[in-house]
Amino acid sequence: MPDASLRRGALTLTAAGMFDFALQLLLPVALVRLLPAPAFADYRLAWLAIGAAMALAPLGLPRSLFYFLPRAGAAERAVYVRNTMLLLLLSGACAGLLFGPWNSVLPTSLRGIAGAAWFLPAFLTLWVAASLAEFLPSARGDVGRQARLIVALAVLRVAAIALAALWGRVELVFAALVAYAAFKLALVVGEVRRQDTDVEPVRSDGCGGPPRPPPPPSAHESLLRTQLAYALPFGMAGALFLLRGQADQWVAAALFPPAAFAAFSIGAVIMPLVALVRTSVANAIGARLSALEARRDVAGMLGLNQRANLAVAFVLLPVLVLTAVLAAHIVALVYTPAFLAAAAVMRVNCLALLGVAVEVSTLTLVLNQGRYLLAADALLLPLGLAAGIGGAVLWGLPGAALGNLLTLGAGNAFSFWRVARATGVPLRRLQRWGALLRILACALAAAVPALLLLHAGMWDAALHAASPCAAAADATLNATLNAVSVHLGLGDAPSPLLHTALVGAPPSAALAAPPMSMAPGSASRLEAVLAAALYTLAYLLLLRGAGLLAEARSLLGWRAPSCRTAAGEA
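(A) Seen up close, empty space enclosed by the protein. Tallied over the entire structure, the rule returns six cavities of 30 Å³ or more. The space that makes up the second largest cavity amounts to roughly 110 Å³. If you list the elements that add at least two residues to the lining of the second largest cavity, you get helix H3 (61-68), helix H12 (270-294) and helix H16 (361-366). For the lining of the second largest cavity, the element with the highest residue contribution is H12, accounting for four residues. Considered class by class, the residues forming the lining of the second largest cavity number seven nonpolar, three polar and one charged.

Here is the structure:
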């Protein structure tokens with residue numbers, strides 16, 4: 001995007017991704033009501049396996065296009081894209097074989113899902129290669145086309161799954177997913193053919209210019225080796241990172257029954273949101289960072305990363321804090337009170353994500369630090385598994401998320417250290433730490449009035465008077481807590497610690513505002529909306545008092561300079 005606004009590109013991709021995320025967030029809400037409980041459990045377990053396969057199979061190849069396409073001539077770009085698609089088809093087929101029911105290493109619950117013999121092998125073969133649709137247009141600099149494609153595919157996917165679920169059979173849902181993956185792969189093939197006919201000259205610095213001469217056929221193998229040498233370390237590091245992020249879910253699937261795993265997976269829905277925001281920003285600035293690195297413009301790269309991190313922090317930090325505050329409301333209103341155990345898991349995950357709200361992974365890509373990240377993730381993966389298992393044994397379902405809390409922060413810290421070493425810039429100068437800490441302080445302080453509102457005694461009488469179903473809601477909540485307590489081996493009655501962790505108040509406050517506020521009625525929705533509005537107002541006022549509001553407006557409205565002036569202004 002030589003002359004386009006990075007702000008517009010990042011916001012466009014983020015908005016499209018947020019739309020996709022919102023649909024994927026709402027889809028389980030419908031499925032849990034359309035599918036029988038065992039079928040819904042099969043669906044969640046299948047997507048756990050798909051997530052693991054998508055961590056392993058892409059091998060870093062799709063994202064490597066952000067590095068190679070801006071530097072290559074038109075003919076070379078076509079070779080890179082074709083090689084990527086063919087390798088993804090091959091790796092997808094291998095992943096399908098790996099996650100088939102014949103693999104005795106897999107958990108029994110996963111091998112026993114409906115349609116196990118055909119669904120995962122067929123779906124993964126198509127899905128891995130089809131994932132190129134999420135990268136190729138933006139890697140070519142066409143952010144608008146990428147956003148439109150994301151939105152259209154999101155609508156199609158949700159519609160196909162929801163319609164198939166109307167019959168109440170998970171096998172039909174799986175068949176709809178296979179058909180959707182085949183259609184998405186067909187779109188990728190169309191994009192590849194479009195790449196073959198693209199003769200737009202792109203110079204190695206990404207700013208346009210005379211095309212390079214096409215590579216001879218003998219050079220295709222050399223291009224493939226070059227791409228693999230670059231992509232595989234990042235792909236393996238990314239696989240370990242994603243598997244590390246999923247380790248807690250595998251722990252929950254192994255140590256808890258399917259119903260508890262379903263609640264745990266609901267508590268992890270906040271994780272893809274952060275990944276979505278970060279990926280959208282990375283896709284928007286990836287080509288520009290690669291062009292700056294090609295000119296060895298370290299100051300330009302760091303300036304671009306700092307601007308991106310500040311823009312993300314202004315939005316992401318308050319979202320995480322507010323999600324932690326309203327976790328119980330979100331779970332009860334969206335997924336019904338039967339999954340209240342997910343609220344504590346969601347709070348732990350929000351805390352873990354605060355440690356990676358500021359990142360330099362985009363810089364590690366262009367600085368070719370994949371081998372070091374691979375070593376770090378290889379060390380952190382077993383540590384995360386051990387922490388998750390230990391946390392699950394000591395603290396039950398929320399404790400299984402402890403591995404994420406420890407390893408996400410440690411992995412991000414290592415990335416900062418590597419970037420500092422590679423660029424020669426001290427850690428204290430890699431980011432605008434003072435501004436970032438003030439943003440975090442404002443986000444945390446804004447939670448105080450929202451918490452006071454949620455726990456104020458005045459809501460006690462108001463909520464009980466507003467809802468004629470108060471007694472029934474309290475009974476449902478207590479029954480849910482009793483079931484969770486029995487499952488965790490704590491007896492027929494929930495312990496004070498368990499009750500406080502799940503609800504936010506001890507059993508003696510069972511009739512107080514927090515349990516009542518979790519009843520999925522109009523009073524609960526009103527309370528959540530008021531708390532969110534109060535939090536937003538407090539956050540904006542605190543930003544203004546800290547002298548950050550004007551900077552936030554300026555930063556979020558900043559337009560990227562052209563290629564000729566990027567280095568100077570950065």
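Once the structure has been displayed, the description carries forward.
(B) Here's a closer look at the packing of H12 against helix H15 (residues 341-354). Remark: H12 packs on H15, axes separated minimally by 9 Å, with the N-to-C direction vectors making an angle of 25°. One way to sum up the angle between H12 and H15 is to call them roughly parallel. Across from Ile-270, Met-271 and Val-274 in H12, the residues of H15 making contact are Asn-349, Cys-350 and Leu-353.

(C) Local environment of the packing of helix H13 (residues 298-325) against H15. Following both chains from N to C, one finds H13 and H15 inclined at 160°, their axes separated by 9 Å at the closest point. Taken as axis vectors, H13 and H15 run roughly antiparallel relative to one another. Crossing geometry of H13 relative to H15 is assigned as left-handed. Contacts between H13 and H15 pair Leu-317, Leu-320, Thr-323 and Ala-324 from the former with Met-346, Arg-347, Cys-350, Leu-353 and Leu-354 from the latter. Each residue belonging to the contact of H13 with H15 can be placed in one class, and the counts come to seven nonpolar, one polar and one charged.

(D) Summary view of the packing of aromatic side chains. Per the stated rule, a full pass over the model turns up 13 aromatic pairs. Pairing Phe-119 with Phe-123 gives two aromatic rings, centres 5.3 Å apart and planes at 25°, and the pair type is stacked. One end of the pair, Phe-119, and the other, Phe-123, are both in helix H6 (residues 119-130), four residues apart, so they sit about a helical turn from each other. With 5.4 Å between their ring centres and 50° between their planes, Phe-416 and Trp-433 make a pair best called tilted. Of the two residues, Phe-416 is situated in helix H18 (residues 402-423) and Trp-433 in helix H19 (residues 433-445); the sequence distance between them amounts to 17 residues. Take Phe-416: its relative accessible area is 7%, and that puts it in the buried class. Taken together, the ring pairs connect Trp-47, Trp-118, Phe-119, Phe-123, Trp-127, Phe-174 and Tyr-180 into an aromatic cluster. Taking the ring centre of Trp-127 as reference, the NZ or CZ of Lys-184 above it sits at 4.4 Å. The ring of Tyr-372 carries Arg-418 above its face, with NZ or CZ at 3.5 Å from the centroid.

(E) Layout of the nonpolar core. Core analysis: the biggest nonpolar cluster contains 166 residues, and Tyr-43, Ile-50, Phe-119, Leu-120, Phe-123, Tyr-535 and Tyr-539 have the highest contact counts within it. Sorting elements by how many residues they give to this core places H13 first, with 14 residues. Those residues within four positions of Ile-50 in sequence are excluded, and the remaining contacts are Phe-119, Leu-120, Phe-123, Leu-124 and Trp-127. Core analysis: the next-biggest nonpolar cluster, separate from the first, contains six residues, Leu-13, Ala-16, Val-143 and Ala-284 among them.

(F) Representation of the layout of surface pockets in the model. In this structure, the largest pocket occupies an estimated 1,000 Å³ of space. Considering the residues around the largest pocket, the lining is formed by 41 residues, among which Met-18, Val-277, Val-315, Leu-316 and Val-319 are closest to the centre. Within the residue set of the lining of the largest pocket, elements represented by two or more residues are helix H1 (6-34), H12, H13, helix H14 (327-335), helix H25 (522-545) and helix H26 (549-556). Of the residues forming the lining of the largest pocket, the biggest block, twelve residues, is contributed by H13. Looking at the lining of the largest pocket residue by residue, the class counts come to 36 nonpolar, three polar and two charged.

(G) Local environment of the pattern of salt bridges. The full count for this structure, using the stated rule, is four salt bridges. A salt bridge links Glu-171 to Arg-169, with the shortest nitrogen-to-oxygen separation between them at 3.9 Å. In this structure, Glu-551 and Arg-432 form a salt bridge, with 2.4 Å as the shortest nitrogen-oxygen distance. Residue Glu-551 is located in helix H26, and its partner Arg-432 is located in the loop between H18 and H19; the two are separated by 119 residues in the primary sequence. The exposure class assigned to Arg-432 is partly exposed, which follows from its relative accessible area of 38%.

(H) Seen up close, the side chain of Gln-306. When you line up the elements, Gln-306 lands in helix H13. A polar contact is formed between the side chain of Gln-306 and the backbone oxygen of Arg-429, at a distance of 3.2 Å. Ignoring any residue separated from it by four or fewer positions in sequence, one finds Gln-306 in contact with Arg-429, Leu-430, Gln-431 and Arg-432.

(I) Molecular detail of the environment of Ala-532. Note on placement: Ala-532 falls in helix H25. Taking the C-alpha atoms as reference points, Ala-532 and Leu-326, separated by 206 residues in sequence, lie 8.2 Å from one another. Not counting chain neighbours up to four residues away, the residues in contact with Ala-532 comprise Leu-322 and Leu-326.

(J) Seen up close, the confidence of the model for the protein. Of all residues in the protein, 79% have pLDDT values of 70 or greater, and the mean over the chain is 78. Contacts of residues 199-209 to residues separated by more than four positions or lying in other chains number 28 contacts, the stretch itself having pLDDT below 50. A low-confidence stretch, residues 558-570 stays under pLDDT 50, and its non-local contacts, those more than four residues away or across chains, total 29 contacts.

(K) The arrangement of unusual backbone geometry in detail. With a phi close to 60°, Leu-59 is a non-glycine residue in the positive phi region. With phi around 55°, Arg-296 is a residue other than glycine that occupies positive phi space. Its location among the elements puts Arg-296 in the loop between H12 and H13.

Calculation rules
- Residues numbered from 1 in each chain as written.
- Predicted model: local features only at pLDDT ≥ 70, side-chain atom pairs only at ≥ 80, totals over all residues.
- Heavy atoms only, no water.
- 1 Å grid on protein atoms, 1.4 Å probe; cavity = no way out; pocket = protein on both sides within 12 Å on 5 of 7 lines; lining within 4 Å.
- Points joined across faces, edges and corners; volume = space filled by probe spheres on them.
- Helix = DSSP H or I, 4+ residues; strand = E, 2+ residues; numbered from the N terminus.
- Nonpolar A, V, L, I, M, F, W, Y, C, P; charged D, E, K, R; others polar.
- Axes fitted to C-alpha atoms, helices over the stretch in contact; angles between N-to-C directions.
- Parallel < 35°, antiparallel > 145°, perpendicular 65-115°, else oblique.
- Contact = heavy atoms within 4.5 Å.
- Left-handed = near helix turned anticlockwise from the far one by under 90°.
- Phe/Tyr/Trp six-rings, centres within 6.5 Å; stacked < 30°, edge-to-face > 60°.
- Buried < 20%, exposed > 50% of the residue type's maximum accessible area, 1.4 Å probe, protein only.
- Lys NZ or Arg CZ within 6 Å of the ring centre and 35° of its normal.
- Core = buried A, V, L, I, M, F, W, Y, C linked by side-chain atoms within 4.5 Å.
- Salt bridge = Lys/Arg side-chain N within 4 Å of Asp/Glu carboxyl O.
- Polar contact = N/O pair within 3.5 Å; in protein donor to acceptor, adjacent residues only side chain to side chain.
- pLDDT = per-residue confidence, 0-100.

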